[in-house]
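# Residue-level structural notes
Listed below are the residues making up each chain.
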Amino acid sequence: MNKTLRKAVIAGNWKMNKTPAEAKELLEAIAPLVKDADCDVVACVPYVDLSVALETTAGSNIRIGAENCHWEASGAYTGEISAPMLKAVGVDYVIIGHSERRTYFGETDVTVNKRVRAALDNGLTVILCVGEYLEQREQGITDEIVAMQTKVALQGVSEAELKRIIVAYEPVWAIGTGKTATAEQANEVCAMIRRTVAGLYNAQAADGLTIQYGGSMNAKNAEELLDQPDVDGGLIGGASLKPEDFAAIVKAASR
Ligand code: PEP
């Protein structure tokens, strides 16, 4: 497996944080700190922040993403936002299947797949989140769970479309808890995801797939995690709201 074949991507997941004015301020603080990054830098922000985020980062190396999208283009889905709507405002990336969506909003592998399809059909790049709960890890079924999530999410996705997929391995027990997977644990599962994708497509397609780790990645532990052969970047929650910390992670991915 050749890590140099893949693009390192550091993406912030702001979750339900920051008003438009605060988003502008945060992005203005981050932009100069990451301008020389030798990796892709993405900020996934709340829907109401998208326009100001796009304006603020125009001409910079920061790309903007949303945190979810619906699978239909339009219709009676109160409170939802569609992939064509995101594309229309100029968004490039969308997170799909985040564990908080799965846990609190009834997202399933099947609806994740439908959202992935809609995002791809509308020219977006998907950050597809997969990961096990603590009980599943303790039961020794992490690989089965994560492989199944990956396979269902990628159903009907062509090899050409796979180039617009980034997989984020996020053990649920490590998200927002301060408990990071060890570098070895993170790499093991990322490597397993790559083998799963090789089985679905082929070795070349799997070798080119960017796989991020997410779960309490921070300025201190980023280097060790990102040094792992199958970890190609990070999906960053809490630390993405702190400019210096986020920039330190981007720097660690740029080495
Ligand atoms: C996330 O929300 O995807 C995440 C990884 O959060 P945190 O970094 O805060 O654990």
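As shown above, the structure is provided for reference.
Presented here is an overview of the structure given in this document.

## Remarks on the state of the cysteines
This model, assessed by the stated rule, comprises 0 disulfides. No disulfide involves cysteine 39; its nearest neighbouring cysteine sulfur is the one of cysteine 44, lying 14 Å away. By relative accessible area, which is 10% here, cysteine 39 ends up buried. No disulfide involves cysteine 44; its nearest neighbouring cysteine sulfur is the one of cysteine 129, lying 8.9 Å away.

## Some details on the site of the ligand
As a matter of local geometry, the ligand sits amid 14 residues, with Lys15, Glu170, Gly176, Ser216 and Gly237 nearest to it. Separating an oxygen atom of the ligand from a side-chain N or O atom of histidine 98 is a distance of 2.9 Å. Glycine 237 places a main-chain nitrogen or oxygen 2.8 Å from an oxygen atom of the ligand. Its free accessible area being 290 Å², the ligand has 96% of it covered by the protein chains. Among the residues forming the shell around the ligand, the class breakdown is 4 nonpolar, 8 polar and 2 charged.

## Here we look at helix 9 (residues 183–200)
A rise of 1.5 Å per residue sets the reference length of helix 9, with its 18 residues, at 26 Å; its end C-alpha atoms lie 26 Å apart and thus fit the reference within 8%. Listed in full, the buried residues belonging to helix 9 are Ala183, Ala186, Asn187, Val189, Cys190, Ala191, Met192, Ile193, Arg194, Thr196 and Val197.

## A short note on the sheet that holds strand 6 (residues 165–169)
In space, the 8 strands of this closed barrel follow the order 1-2-3-4-5-6-7-8, with parallel pairing throughout. Across the sheet, the axes of successive neighbouring strands diverge by a mean angle of 25°, strand direction being ignored. Direction of pairing for strand 2 (residues 40–44) relative to strand 3 (residues 62–66): parallel, over a ladder of 4 bridges. If you follow valine 42 over to strand 3, its bridge partner there is arginine 63. Of the strands in this sheet, strand 5 (125–130), strand 6 and strand 7 (210–214) are in contact with helix 9, which crosses strand 6 at around 145°.

Rules used in this analysis
- Residues numbered from 1 in each chain as written.
- Predicted model: local features only at pLDDT ≥ 70, side-chain atom pairs only at ≥ 80, totals over all residues.
- Heavy atoms only, no water.
- Disulfide = S-S within 2.5 Å.
- Buried < 20%, exposed > 50% of the residue type's maximum accessible area, 1.4 Å probe, protein only.
- Near = heavy atom within 4 Å.
- Polar contact = N/O pair within 3.5 Å; in protein donor to acceptor, adjacent residues only side chain to side chain.
- Areas by Shrake-Rupley, 256 points an atom, 1.4 Å probe, with all protein chains shown as cover.
- Nonpolar A, V, L, I, M, F, W, Y, C, P; charged D, E, K, R; others polar.
- Helix = DSSP H or I, 4+ residues; strand = E, 2+ residues; numbered from the N terminus.
- Expected span 1.5 Å × (residues − 1).
- Pairing = 2+ DSSP bridges.
- Axes fitted to C-alpha atoms, helices over the stretch in contact; angles between N-to-C directions.
- Contact = heavy atoms within 4.5 Å.

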